[in-house]
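# Survey of secondary and tertiary structure
Listed below, chain by chain, are the residues.
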Amino acid sequence: MAAAEVVKADPVHDGLHDFYLSHTDEPHATRRKAILAAHPEVKELMGFDPRTKWVVLFMWSSQLAVAWYVRESSWLTIAVAAYVVGAVFNHSMLLAIHEMSHNLLFKTTMANQLFALFVNVPMLLPSAITFKRYHQEHHKYQGYDSIDVDVPSNFEGRVFQGVVMKAIWVFFQGFWYAFRPLLIRPKPASGLELANWVVCLSFDTGVVMLLGWRSLAYFALSDLFGLGMHPVAGHFIAEHYVFGNDQQETYSYYGPLKWLIFNVGYHVEHHDFPNIPGSRLPKLREIAAEFYDTLPYHTSYTWVIWKFITDPKITPFSRVKRFAKELGKEIDAQ
C-alpha cells in the first residue's frame, strides 16, 4: 500500500514565502504502476464514456435557454441567475472540456476536439484547444518550474497575501488561469486554436444580434462567478494546494458537488489514471481502496475557499515545485 506523498518545508520554501520544493518526481506514476500490479482489472475502466456527451448537451441547451429567458430581465435577476444556475453550467462544461482533453467523451481525438469547440461557446472566450495543450503538460510534468502553468506565478505568490488580497485572487481565478500560460509559457497558436477563436466570437456576435447584450452579460457573469468565488470553483484550490501538516501534493474531494463536475474531485485517482473517465473513478477508488483510504481528502469546497482566504499559512505559494535539472529529467514538452 502506498503511503501519502509528503513534501517537507524549510524556512524559505514554506508555502508562505516561496513554493514548497520537492526533490523527487511526481507521485502518481509510481502509484499507477503499483495499482496495476495489484489490480490489473483496473485496465477495464480505461477508455471513453459515450454517455457523458448527453449530459453535456443537456447543460449546453439549458444554458442557452436561461440566456434566452433573461434577455429582458433586470440586471439583478441576471446576476442571480448567473451565480445560481449559469456558474454551475459553465463550470461543469469547462470540466467536460477537461474530460475531452483526455479523449474521454469520444473514441477519436478529433471528435473530442470538435465537440470541445462546440461546448466552449457559452463561455465566450476560447479555451478548449489551448487548455488541452497545457493540461497535458500539467499531468506529465506536475509541479515542474516554468512547465506546469497550473502552478501560480511568483508574482501571484508575492502580491496576493493576506485576507483581502487572497479574496481578490480567488474572485478572479479565471483570469489567472487564462493568462498565466500566455505569460509564463507562450506557444504559437495552432490552426484549431484560431478556429476556436472564430467559433466563439461568431457565437458571441450571434447572441448579441438575436438575444441582446443582457444575454451576453449573463454568459460573461456565469464565467466570472463560476471560475471565482463559487463552491464549484473550489476544486481549483482543493486539488493541489498544500493544506495543514500532511503537506500532500494532490488531494481528492468526495463531497456532494462531485455529481455536478464529472467527478473531477477524485483528483488523486484522476492523476493516477487520466485515461479513466470521471464516471468510473469511484469504481477505481473502490477497487484500489488500500491505496486511497489512507490519503487525506476534502469534503467541502466552500471550506477549502474559506480556509485558503483566512488561513495566513496558505497562499498562492502553497504549491509544490520541482526542477527538471535537479532531477535529471528531460523535458520534451512542446
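A short tour of the structure in this document, coming up. (Residues numbered from 1 in each chain as written. Predicted model: local features only at pLDDT ≥ 70, side-chain atom pairs only at ≥ 80, totals over all residues. Heavy atoms only, no water.)

## Some remarks on helix α9 (residues 191-210)
- The terminal C-alpha atoms of α9, which comprises 20 residues, lie 28 Å apart, in line with the 28 Å expected from a rise of 1.5 Å per residue.
- Three or more residues of α9 are buried, namely Glu-193, Asn-196, Cys-200, Phe-203, Asp-204 and Val-207. Buried residues of α9, viewed axially, fall in a sector of 100°; they line one side. Turned more than 90 degrees off the buried face of α9, the exposed positions are Gly-191, Leu-194, Val-198, Met-209 and Leu-210.
- The secondary structure elements touched by the buried residues of α9 are α2 (52-69), α4 (109-120), α5 (128-140) and α10 (213-226). (Helix = DSSP H or I, 4+ residues; strand = E, 2+ residues; numbered from the N terminus. Expected span 1.5 Å × (residues − 1). Buried < 20%, exposed > 50% of the residue type's maximum accessible area, 1.4 Å probe, protein only. Arc of directions from axis to C-beta. Contact = heavy atoms within 4.5 Å.)

## Here we look at the layout of surface pockets
- Here the largest pocket defines a volume of roughly 1,300 Å³.
- Around the largest pocket sit 49 residues that line it, and Pro-126, Ser-127, Gly-174, Tyr-177 and Ala-178 are the ones nearest its centre.
- Residue assignment for the lining of the largest pocket shows that the elements contributing at least two residues are α3 (75-101), α5, α8 (173-184), α9, α10 and α11 (235-238).
- Take the lining of the largest pocket: its biggest share by element is 8 residues, from α8.
- Considered class by class, the residues forming the lining of the largest pocket number 27 nonpolar, 16 polar and 6 charged. (1 Å grid on protein atoms, 1.4 Å probe; cavity = no way out; pocket = protein on both sides within 12 Å on 5 of 7 lines; lining within 4 Å. Points joined across faces, edges and corners; volume = space filled by probe spheres on them. Nonpolar A, V, L, I, M, F, W, Y, C, P; charged D, E, K, R; others polar.)

## So, the environment of Val-121
- Relative to the helices and strands, Val-121 resides in the loop between α4 and α5.
- For the pair formed by Val-121 and Ala-195, sequence separation is 74 residues and the distance between their alpha carbons is 12 Å.
- Here Val-121 is in contact with Trp-60, Val-199, Cys-200, Phe-203 and Asp-204, once residues within four sequence places are set aside.

## Comments concerning a nonpolar patch on the surface
- A cluster of nonpolar side chains, namely Val-163, Val-164, Ile-168, Phe-172, Phe-175, Phe-179, Leu-182, Leu-183 and Ile-184, defines an oily patch on the protein surface of about 850 Å² accessible area.
- Listed by contribution, the elements that provide at least two residues to the nonpolar patch are α7 (163-171) and α8.
- With 5 residues, the single largest contributor to the nonpolar patch is α8.
- With respect to the helices and strands, the residue Leu-183 is situated in helix α8. (Patch = residues over 30% accessible without salt bridge, like charges linked within 9 Å, V, L, I, M, F, W, Y side chains within 5 Å. Areas by Shrake-Rupley, 256 points an atom, 1.4 Å probe, with all protein chains shown as cover. Salt bridge = Lys/Arg side-chain N within 4 Å of Asp/Glu carboxyl O.)

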